[in-house]
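Overview (structure and organization)
Listed here are the chains, written in short residue letters.
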Amino acid sequence: MKKLVLELEYMNGPILKDKFDIQRSELCTGIEQVDADEYLNTLNEEIQEVYTALFRFDEKEEAVLFDDVAAKGAKEWFLSKMNELSKYLKSINDGSFCIEDRVTEYLKKL
């Protein structure tokens, strides 16, 4: 059984795409029903963009400073979107993958 990992990183996630698909020329999960789903990928990108916007740049223009105050302000939005993402993933799961959610508990602790 394949594992789908959900985690948030700067410019990545929450769906961890750690395999390179030569045919598509892009990173993917290796789980076809996840990789090919437009709605899911749009939702993933929306969450990723908002999370990435929580990082601030230092004097070298490197994104190293995480804005905890802004993150706490967006906590309910993130939890809502992660709930939407999780429900949708469960609805398309045919039993061929399991989900490891590393995001929701992190968000609850903000």
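Up top you'll find the structure we're talking about.
A few points on the structure. (Residues numbered from 1 in each chain as written. Predicted model: local features only at pLDDT ≥ 70, side-chain atom pairs only at ≥ 80, totals over all residues. Heavy atoms only, no water.)

**Here we look at the packing of aromatic side chains**
Using the following cut-off: Under the pairing criterion, centres of Phe, Tyr and Trp rings, with the six-membered ring standing for Trp, must be within 6.5 Å; the plane angle then separates stacked pairs below 30 degrees from edge-to-face pairs above 60, leaving the rest tilted. The numbering of helices and of strands both runs from the N terminus, where a helix is a DSSP run of H or I of at least 4 residues and a strand a run of E of at least 2. Throughout this description, buried means an accessible area under 20% of the type-specific maximum (1.4 Å probe, protein chains only), exposed means over 50%, and partly exposed covers the range between.
Taken as a whole, this structure holds seven aromatic pairs when the rule is applied. For the ring pair Tyr51 and Phe78, a centre distance of 6.2 Å and an interplane angle of 80° mean the geometry is edge-to-face. With Tyr51 in helix H2 (residues 38-52) and Phe78 in helix H4 (residues 75-92), this pair connects stretches of sequence that are 27 residues apart. For the pair Tyr51 and Phe78, one class covers both residues: buried. Ring centres of Phe55 and Phe66 lie 5.1 Å apart, and the angle between their planes is 65°; this geometry places the pair in the edge-to-face category. Taken together, the residues Phe55 in strand E4 (residues 55-57) and Phe66 in strand E5 (residues 63-66) connect sequence positions eleven residues apart. Given the relative accessible area of 23%, Phe66 is considered partly exposed. Feature note: the residues Tyr10, Tyr51, Phe55, Phe66, Trp77 and Phe78 constitute an aromatic cluster, connected by ring pairs.

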